[in-house]
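Here is what each chain is made of, one letter per residue.
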Amino acid sequence: MSDFDPATALAAAADGDQLAWASIVSTYSGLIWTVARAYRLSAADSADVFQGTWLRLVEHLGDIRDPGRLGGWLATTARREALQLLRRTGRDVPVDDISAVSETAHGVSPTADEELLKTEDQKTLWSAFGQLSDNCQRLLRLLFAEPPALYADISTCLGIPLGSIGPTRSRCLASLETRLSPTVMD
């Protein structure tokens, strides 16, 4: 998509060109999904954020002052949609239960002791993770999401330079390791 021009696409979409709209959606959909995943939303809530973000763009199609920064506008709008959804629903952000797909997925049932140890290890890990800065938590969630987000999308979503993602990841993981070091996790 090296020939994609946001200004041309926005102007054409505002005039009703469906191909221009499709090219905008195709170019920026991954970014919007990445932002929604950063907030650990359910699939349905992520879809709501996705649709809400595109609706806001339709509402403001002719109002975008700097089309070259459309990606940033969409990322900001998606963040606002996600935060608004979380405030509206007034609920906690879910945490994955990895133990549900552990050995039982392979036909081997863990013993009660093994299950208890895994649960305690996960509680310890998530407790330490919760002590990290919000920026570290968002970055690590995006980096370890399935499927993993692209660095370019992470850069736009979190507003950090592309070249600082790796070093920031290293600092965040070192901080997490420090918080876990007094405990032994098997």
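Residues numbered from 1 in each chain as written. Predicted model: local features only at pLDDT ≥ 70, side-chain atom pairs only at ≥ 80, totals over all residues. Heavy atoms only, no water.

For the protein chain, the helix and strand inventory stands at 8 helices and 0 strands. Its helices and strands in sequence order give the protein chain the pattern α-α-α-α-α-α-α-α, from N to C terminus. Counting only residues that meet the buried cut, the protein chain has 35% of its 186 residues in that class. Restricting to contacts in the protein chain with at least 6 residues of sequence separation, those with at least 24 account for 64%. (Helix = DSSP H or I, 4+ residues; strand = E, 2+ residues; numbered from the N terminus. Buried < 20%, exposed > 50% of the residue type's maximum accessible area, 1.4 Å probe, protein only. Contact = heavy atoms within 4.5 Å.)

Before going further, it helps to spend a moment on the packing of helix H2 (residues 18-38) against helix H3 (residues 43-59). Two numbers describe how H2 lies on H3: the axes approach to 10 Å, and their chain directions differ by 135°. Classified by the angle their axes make, H2 and H3 are oblique. You can see that H2 and H3 cross each other, and the crossing is right-handed. Mapping the contact onto sequence places Trp21, Ile24, Val25, Tyr28, Ser29, Ile32, Trp33 and Ala36 in H2 and Ser46, Ala47, Val49, Phe50, Thr53, Trp54, Leu57 and Val58 in H3. Split into classes, the residues belonging to the contact of H2 with H3 amount to 13 nonpolar, 3 polar and no charged. (Axes fitted to C-alpha atoms, helices over the stretch in contact; angles between N-to-C directions. Parallel < 35°, antiparallel > 145°, perpendicular 65-115°, else oblique. Left-handed = near helix turned anticlockwise from the far one by under 90°. Nonpolar A, V, L, I, M, F, W, Y, C, P; charged D, E, K, R; others polar.)

As a further point, take the packing of aromatic side chains. Summed over the entire model, instances satisfying the criterion amount to 5 aromatic pairs. Relative to Tyr28, the ring of Phe4 has its centre 5.9 Å away and its plane inclined at 70°; by these criteria the two rings are edge-to-face. Of the two residues, Phe4 sits in the segment before helix H1 (6-14) while Tyr28 sits in helix H2, which places them 24 residues apart along the sequence. Judged by its relative accessible area of 11%, Tyr28 is buried. Note on Trp21 and Trp54: the rings are 5.6 Å apart at their centroids and 75° apart in plane angle, and the pair reads as edge-to-face. Residue Trp21 is located in helix H2, and its partner Trp54 is located in helix H3; the two are separated by 33 residues in the primary sequence. In this pair, the class of Trp21 matches that of Trp54, namely buried. (Phe/Tyr/Trp six-rings, centres within 6.5 Å; stacked < 30°, edge-to-face > 60°.)

Our next topic: the pattern of salt bridges. Across all of its chains, the model carries 2 salt bridges by this definition. Glu59 is the salt-bridge partner of Arg56, the closest N and O atoms lying 3.1 Å from each other. With Arg56 and Glu59 both in helix H3, this residue pair falls 3 residues apart, about one helical turn. The exposure class of Arg56 is partly exposed, given its relative accessible area of 26%. Put simply, Glu81 and Arg56 hold a salt bridge, and the shortest N to O gap is 3.0 Å. (Salt bridge = Lys/Arg side-chain N within 4 Å of Asp/Glu carboxyl O.)

The next subject is the layout of surface pockets. Its volume calculated, the second largest pocket comes out at about 400 Å³. The wall of the second largest pocket is formed by 14 residues, among which Ile64, Trp73, Thr76, Thr77 and Arg80 lie closest to the centre. Tallying contributions element by element places helix H4 (residues 70-89) first for the lining of the second largest pocket, with 7 residues. For the lining of the second largest pocket, the per-class residue count stands at 2 nonpolar, 5 polar and 7 charged. (1 Å grid on protein atoms, 1.4 Å probe; cavity = no way out; pocket = protein on both sides within 12 Å on 5 of 7 lines; lining within 4 Å. Points joined across faces, edges and corners; volume = space filled by probe spheres on them.)

In this section: the confidence of the model for the protein chain. A residue-level look at the protein chain finds 78% of positions with pLDDT of 70 or above and a mean pLDDT of 80. Overall, residues 92-106 carries pLDDT values under 50, and its contacts beyond four positions in sequence, including any with other chains, amount to 19 contacts. (pLDDT = per-residue confidence, 0-100.)

In this section: helix H6 (residues 134-143). The α-helix advances 3.6 residues per turn, and as a result positions three or four apart in sequence lie on the same side. Extensive coverage of H6 is indicated by the burial of 7 of its 10 residues. Those residues of H6 that fall on the buried side of the exposure criterion are Cys136, Gln137, Leu139, Leu140, Arg141, Leu142 and Leu143.

Our focus in this paragraph is the nonpolar core. Considering soluble globular proteins, one finds that nonpolar side chains tend to be buried as a cluster. Judged by nonpolar contacts, the single largest core of 43 residues is most densely connected at Ile24, Tyr28, Leu41, Trp54 and Leu57. For this core, the elements supplying multiple residues, two or more each, are H1, H2, H3, H4, helix H5 (112-130), H6, helix H7 (151-158) and helix H8 (165-180). With 9 residues, H2 is the largest single contributor of residues to this core. When sequence neighbours within four positions are dropped, the list of residues in contact with Tyr28 reads Phe4, Pro6, Trp54, Leu70, Gly71 and Leu74. (Core = buried A, V, L, I, M, F, W, Y, C linked by side-chain atoms within 4.5 Å.)

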